[in-house]
Amino acid sequence: KRMRWGIGSHSFLRPVEWLCVLLGDESIPLTCYGLIASHQSVGHRFHAPMPLVIPQASAYVETLHAAHVMVDPAERKRVIIERARLLTKEVGGYVNIKPGLLEEISGLVEWAVPLLARFDARFLAVPQEALISAIEGHQKCIPVFDGSNTLLPYFIAVSNIDSTEPKQVVSGNERVMRARLADAEFFYQTDSQTSLYSRYEQLKTIVFQAKLGSLYDKAERMAALSADLAHSLGIDPRLAEQAARLCKIDLMTTMVGEFPEVQGIMGSYYALHDNQPEVIAMAIREHYLPQFSGDACPVTTLGQIIGLADRIDTLVGIFGMGMAPTGDKDPYALRRAALGILRILIESRLPFDL
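Attention shifts here to helix H3 (residues 99-108). Leu101, Leu102, Ile105 and Ser106 are the residues of H3 that are buried. When H3 is viewed along its axis, its buried side chains cluster within an angular range of 125 degrees and face the same direction. Residues of H3 that are exposed and point over 90 degrees away from its buried face: Pro99, Gly100, Gly107 and Leu108. Next to the buried residues of H3 lie helix H2 (73-89), helix H4 (128-138), strand E10 (142-145) and strand E11 (151-159).

The next point concerns the packing of aromatic side chains. Given two aromatic rings, one states the distance between the centres and the angle between the planes to describe the pair. With the rule as written, the count across this model stands at seven aromatic pairs. Measuring from ring centre to ring centre gives 6.1 Å for Phe12 and Tyr33, while their planes differ by 65 degrees; the resulting arrangement is edge-to-face. Of this pair, Phe12 sits in strand E2 (residues 11-12) while Tyr33 sits in the loop between strand E5 (31-32) and strand E6 (35-36), and the two are 21 residues apart along the sequence. What makes Phe12 partly exposed here is its relative accessible area of 38%. The exposure class assigned to Tyr33 is partly exposed, which follows from its relative accessible area of 32%. Here the aromatic rings of Tyr200 and Tyr216 are separated by 4.8 Å at their centres, their planes lie at 45 degrees, and the arrangement is tilted. Pair noted here: Tyr200 is in the loop between helix H5 (166-191) and strand E12 (207-209) and Tyr216 is in helix H6 (residues 215-232), with a separation of 16 residues, a long-range link. Owing to a relative accessible area of 17%, Tyr216 belongs among the buried residues under this scheme.

As a further point, take the packing of H2 against H3. For any two helices packed against each other, the geometry comes down to the angle between their axes and how far apart the axes lie. At their nearest, the axes of H2 and H3 sit 9 Å apart, and the two run at 110 degrees to each other. One finds that H2 runs roughly perpendicular with respect to H3. In the packing of H2 onto H3, the handedness of the crossing is right-handed. Note on element contacts: H3 touches H2 through Leu102, Glu103, Ile105, Ser106 and Gly107, opposite Arg76, Lys77, Ile80 and Ile81. Here the residues of the contact of H2 with H3 sort into four nonpolar, two polar and three charged.

What follows is about the side chain of Lys218. On the secondary structure map, Lys218 appears in helix H6. Its relative accessible area of 3% is what places Lys218 among the buried residues. Beyond its immediate stretch of four places on either side in the chain, Lys218 contacts Phe208, Asp310, Asp313 and Thr314.

Attention shifts here to helix H7 (residues 237-246). Those residues of H7 that fall on the buried side of the exposure criterion are Ala240, Ala243, Ala244, Arg245 and Leu246. Next to the buried residues of H7 lie H6, helix H10 (278-286) and helix H11 (301-320). Among the residues of H7, the N-terminal cap falls to Asp236, whose side-chain oxygen and the backbone nitrogen of Arg238 are separated by 3.0 Å.

The next subject is the pattern of salt bridges. Tallied over the entire structure, the rule returns 20 salt bridges. One salt bridge in this structure joins Glu129 and Arg285, with 3.3 Å as the shortest N-O distance. Taken together, the positions of Glu129 in helix H4 and Arg285 in helix H10 put the pair 156 residues apart, joining distant regions of the chain. Accessibility expressed as a relative area gives 26% for Arg285, which makes it partly exposed. A salt bridge links Arg199 to Asp191; the nearest nitrogen and oxygen atoms lie 3.6 Å apart. By relative accessible area, Arg199 is classed as buried at 8%. Classification of Asp191 by relative accessible area gives buried; the value is 1%. Connected via shared salt-bridge partners are Lys218, Arg221, Lys248, Asp310 and Asp313.

What follows concerns the environment of Ser198. Locating Ser198 in the fold gives a position in the loop between H5 and E12. Distance in space between the C-alpha atoms of Ser198 and Ile249 is 9.2 Å, their sequence separation being 51 residues. From its side chain, Ser198 meets the backbone oxygen of Ser195 in a polar contact 2.6 Å long.

All right, on to the nonpolar core then. The biggest cluster of nonpolar side chains holds 85 residues, and the ones touching the most others in it are Ile142 and Met255. Counting seven residues, the second-largest nonpolar core is a separate cluster that includes Leu22, Leu52, Ile54 and Leu64.

Another aspect to go through is the sheet that holds E10. Pairing in this open sheet of three strands is antiparallel, and the strands run E9-E11-E10 from one edge to the other. Unpaired on one side and paired on the other, strand E9 (113-118) and E10 mark the two borders of the sheet. The mean inter-strand angle of the sheet, taken between neighbouring strand axes irrespective of direction, is 30 degrees. Where H2 meets the sheet, its contacts fall on E9, E10 and E11, and the angle it forms with E9 comes to roughly 35 degrees.

For the rest of this paragraph, the subject is the pairing of E11. Within a regular strand, the side chains alternate between the two sheet faces. Burial within E11 is extensive, with nine of its nine residues counted as buried. Residues Leu151, Pro153, Phe155, Ala157 and Ser159 of E11 are buried on one face, and the alternating residues Leu152, Tyr154, Ile156 and Val158, pointing to the opposite face, are buried as well. In this structure, E9 lies alongside E11, joined through six bridges in antiparallel fashion. Within E11, the residue paired with Arg118 across the bridge is Tyr154. With three bridges joining them, E10 and E11 adopt antiparallel strand pairing. By the bridge assignment, Ile142 is partnered in E11 with Ile156.

Rules used in this analysis
- Positions within a chain are numbered from 1, following the residues in the order the chain's sequence is written.
- At least 70 in pLDDT is required for a residue's local features to be given in this predicted model, at least 80 for side-chain atom pairs to be given and counted, and no such filter applies to totals for whole chains, interfaces and linings, which use all residues.
- For side-chain calculations, the full set of non-hydrogen atoms in the structure is used, while hydrogens and water are omitted.
- Between buried and exposed lies partly exposed: a residue is buried under 20% and exposed over 50% of the maximum accessible area for its type, with that area taken using a 1.4 Å probe on protein chains only.
- Only DSSP runs of H or I reaching four residues or more are called helices, and only runs of E reaching two or more are called strands; each is numbered from the N terminus.
- Throughout, the arc means that of the directions going from the helix axis to the C-beta atoms.
- Any two residues having at least one pair of non-hydrogen atoms within 4.5 Å are treated as being in contact.
- Side-chain rings of Phe, Tyr and Trp (the six-membered ring for Trp) are treated as a pair once their centres are within 6.5 Å; stacked means planes under 30 degrees apart, edge-to-face means over 60, and tilted covers the remaining angles.
- Every axis corresponds to a line fitted to the C-alpha atoms, with the helix fit spanning only the stretch in contact, and the corresponding angles, defined between N-to-C directions, vary from 0 to 180 degrees.
- In this scheme, roughly parallel covers angles under 35 degrees and roughly antiparallel covers those over 145, while 65 to 115 is roughly perpendicular and the rest are oblique.
- Should the near helix be turned anticlockwise from the far one by less than a right angle, the crossing is termed left-handed; should it be turned clockwise, right-handed.
- Each residue gets one of three labels, nonpolar for Ala, Val, Leu, Ile, Met, Phe, Trp, Tyr, Cys and Pro, charged for Asp, Glu, Lys and Arg, and polar for the others, Gly among them.
- For this analysis, a polar contact is any N or O atom pair within 3.5 Å, provided that within protein one partner can donate a hydrogen and the other can accept it, and provided that sequence-adjacent residues contribute only side-chain to side-chain pairs.
- What makes a salt bridge here is a side-chain nitrogen of Lys or Arg within 4 Å of a carboxyl oxygen of Asp or Glu, nothing more.
- Each nonpolar core is a collection of buried residues, namely Ala, Val, Leu, Ile, Met, Phe, Trp, Tyr and Cys, held together in the definition by side-chain atoms within 4.5 Å.
- Here, strands pair whenever DSSP counts at least two bridges between them.

So this is what it looks like as structure tokens:
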């Protein structure tokens, strides 16, 4: 969040402590944030915290690199990727670093030092999507996979210091990771003690939209619409109704409450745990697809039906209330819902009249 200090009008993410503004070898005495720019900068806050002089603009990157600061974001990303790949080869694994995660991690460090760490293999009993969410989203670390894309009990932590005792840094990261994964394990075990359907009535406590009722009301509408769509395709309407009623219930679980990005995914795991048919579990997982441009569409017909019913209910309800999106506001993501309907219909070649 941008903040302002003193009596000036300028705001920035952090307190600004110095300014270095150069044109060639000339210092431009710009005044901003209550400071006057000069040739002076500062190196890494631990490795080279003393002030240093940048003789000219062309020497900026080189001078700071000598002071343990990788100025170029591309260099930090390259170091992270190359070192992570080398480290994971030692344990027979590989990394597939998501661009957004790489962008975030590389922006958190001045001097990127990837380190290989591990966690207790017992945590692998928890669905790996939840573990990956904890590793990436909460701890800003990189998960390690084997050749079949199965999670291994290792992760890459990216340190901001080149420690003389890297084992201590690794140990600290492992300790924090252990606590976070223990949370995920606890949530999964707790949620598994109660069936999904037993939480169905709890959906009444979450308002979907004031005039359209709760998530329970939405699920009931989805069940009726899904049954109609299923009947048109020669699929058992009761199966579609069951999938529609179950697809939002994982929002009431502690796991999704802590890791919202695994909604739908955890619902499919809990459905299988409850001995629901696999086709219903897959529909719960798939009905959120596609979530963004370029994302995959549902593969199963039941997943396509539930996905259509979800989006159609939202579009009809919100438009029916006269709340169409404007040029700059689309709070219910109606454009995305409409595009999702089109993609499912076109790519799945469903015989429905739009």
